[in-house]
Amino acid sequence: MAGRFPQRPTRTTVRGGHAGVPGAAGIPRQTAPAQVRRWVPDGPLDLGLTLGPLRRGPADPTFRATADGSVWRASRTPAGPGTLRVRAYGGEVLGEAWGPGAGWLLERLPELLGAADDPGAFVPRHRVVALARHRRPGLRLTRTGLVLESLIPSVLEQKVTADEAYRAWRLLVRRFGEPAPGPAGAGERPMSVMPAARTWALIPSWEWHRAGVDDKRASTILRAVRVAARLEQAAGMPADQARARLEVVPGVGPWTSAEVVQRSHGAADEVTVGDLHLPGIVGWALAGDRDADDAEMLRLLQPYTGQRHRAARLILLSGHVPARRKPKMPWVDIGLL
């Protein structure tokens with residue numbers, strides 16, 4: 001589920017997560033001037049809430065939020081690698097981009113920030129949801145238009161803890177990706193662009209093992225990158241057709257396809273099923289039932305048909321979750337075996 005766990009209401013998390021400045025002053029780096037685009041959203045916009053689901057852990061090398069309120073993303077676009085910096089001030093958004101993919105990123109900046117989303121179509125039916133919406137008016141559903149960059153980390157998150165998946169993504173991107181174009185690719189904590197499809201296909205088996213990725217998830221990723229062009233075409237399809245195409249790949253099921261289209265399409269109705277925690281959280285928030293299963297969750301979300309993913313995100317942001325009854329699932333680093 002995109003944005004599965006509620007964020008702590010601190011200044012940096014509201015703005016988007018970990019505060020760290022890409023690059024570092026005093027380190028010379030010759031970069032081409034940034035391409036720039038200004039855009040005025042048609043309503044409240046919270047960059048952290050909108051772009052937060054694209055961040056895969058606090059040390060994601062492709063995503064960073066800095067203390068000045070900027071959000072940085074390093075992406076592999078159809079035009080090539082690109083780095084995007086987004087800042088909001090005075091009711092206006094400033095986008096700056098570097099690299100071969102700069103034009104592509106700026107062209108799609110409004111959709112990335114929820115221009116294709118319609119928050120006004122959402123009608124709260126429960127007090128918890130209504131209060132969360134009132135407190136988070138800047139929530140918009142992002143649409144990246146990119147499939148593989150959401151599919152690969154979603155596969156890494158299958159059947160493991162978030163920490164394990166974040167670690168694997170971080171290690172693999174840093175080792176096999178490339179420096180992000182522009183100033184973000186230099187300094188003490190440089191950002192990286194994820195590997196190209198062919199590079200993923202050539203990663204040796206022992207490197208997957210060192211990153212803690214089992215054969216099942218690695219094989220799913222390898223099958224996906226072999227048909228990467230066909231999967232990227234799904235970005236131009238309706239969300240249900242895109243999910244059907246993704247699920248043709250063995251190892252990609254309903255949980256994974258929903259996680260992808262929530263980000264690639266900004267799909268307001270594609271709720272995640274098969275999640276370990278989400279049914280109990282939704283059941284607890286809407287009916288006091290912490291033991292709800294997928295069927296019960298879908299029944300409770302039925303009044304939000306057309307907006308079920310937004311309703312689930314608002315429930316997660318409300319912080320109205322049941323107390324933990326079981327120990328956290330243990331993390332076994334298979335790279336040490």
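Report on the accompanying structure. (Residues numbered from 1 in each chain as written. Predicted model: local features only at pLDDT ≥ 70, side-chain atom pairs only at ≥ 80, totals over all residues. Heavy atoms only, no water.)

This brings us to the packing of aromatic side chains. Per the counting criterion, the structure on display carries 4 aromatic pairs. Between Trp72 and Trp98 the ring centres are 5.6 Å apart and the planes differ by 10°, which places this aromatic pair in the stacked class. One end of the pair, Trp72, is in strand 3 (residues 71–77); the other, Trp98, is in strand 5 (residues 92–98), with 26 residues separating them in the sequence. Each member of the pair, Trp72 as well as Trp98, carries the same accessibility label: buried. Ring geometry for Trp169 versus Trp200: centroids 6.3 Å apart, planes at 15°, classification stacked. Separated by 31 residues along the polypeptide, Trp169 in helix 7 (residues 162–176) and Trp200 in helix 8 (residues 197–201) bring together distant segments of the chain. Assigned by exposure class, Trp169 and Trp200 land together as buried. Connected via pairs of aromatic rings, a cluster forms that spans Trp169, Trp200 and Trp208. (Phe/Tyr/Trp six-rings, centres within 6.5 Å; stacked < 30°, edge-to-face > 60°. Helix = DSSP H or I, 4+ residues; strand = E, 2+ residues; numbered from the N terminus. Buried < 20%, exposed > 50% of the residue type's maximum accessible area, 1.4 Å probe, protein only.)

All right, on to the sheet that holds strand 1 (residues 35–39) then. Spatially, 5 strands are ordered 1-5-4-3-2 in an open sheet, and the strand pairing comes out antiparallel. Across the chains shown, the open sheet's two edge strands, defined by having one partner strand only, are strand 1 and strand 2 (63–65). Ignoring strand direction, the axes of neighbouring strands in this sheet form an average angle of 20°. One ladder, built from 7 bridges, connects strand 3 with strand 4 (residues 80–89); its direction is antiparallel. By the bridge assignment, Ala74 is partnered in strand 4 with Thr83. (Pairing = 2+ DSSP bridges. Axes fitted to C-alpha atoms, helices over the stretch in contact; angles between N-to-C directions.)

The next point concerns the packing of helix 5 (residues 127–135) against helix 16 (residues 308–318). Relative to each other, helix 5 and helix 16 sit at 80°, their axes nearing to 8 Å. The pairing of helix 5 with helix 16 is recorded here as roughly perpendicular in orientation. Residues Val128, Val129, Ala132 and Arg133 of helix 5 form the contact with helix 16, whose own contacting residues are Leu314, Ile315 and Ser318. Its residues assigned to classes, the contact of helix 5 with helix 16 shows 5 nonpolar, 1 polar and 1 charged. (Parallel < 35°, antiparallel > 145°, perpendicular 65-115°, else oblique. Contact = heavy atoms within 4.5 Å. Nonpolar A, V, L, I, M, F, W, Y, C, P; charged D, E, K, R; others polar.)

All right, on to helix 15 (residues 294–301) then. Inspection of helix 15 places Glu296, Met297, Leu300 and Leu301 among the buried residues, and these make up the whole buried set. Summarising the axial view, the buried residues of helix 15 lie within an arc of 130°, below the 170-degree limit, and thus occupy one face. Structural note: helix 15 exposes Ala295 and Arg299 on the side pointing more than 90 degrees away from its buried face. Along its buried surface, helix 15 packs onto helix 14 (278–287) and helix 16. (Arc of directions from axis to C-beta.)

Once that is clear, we can look at the nonpolar core. Judged by nonpolar contacts, the single largest core of 34 residues is most densely connected at Leu151, Ile152, Trp200, Trp208, Val213 and Leu246. Excluding anything up to four places from it in sequence, Trp208 contacts Leu172, Trp200, Ile203, Val213, Ala218, Ile221 and Leu222. Residues Phe122, Ala132, Val282 and Ile315 belong to the second largest nonpolar core, which totals 21 residues. (Core = buried A, V, L, I, M, F, W, Y, C linked by side-chain atoms within 4.5 Å.)

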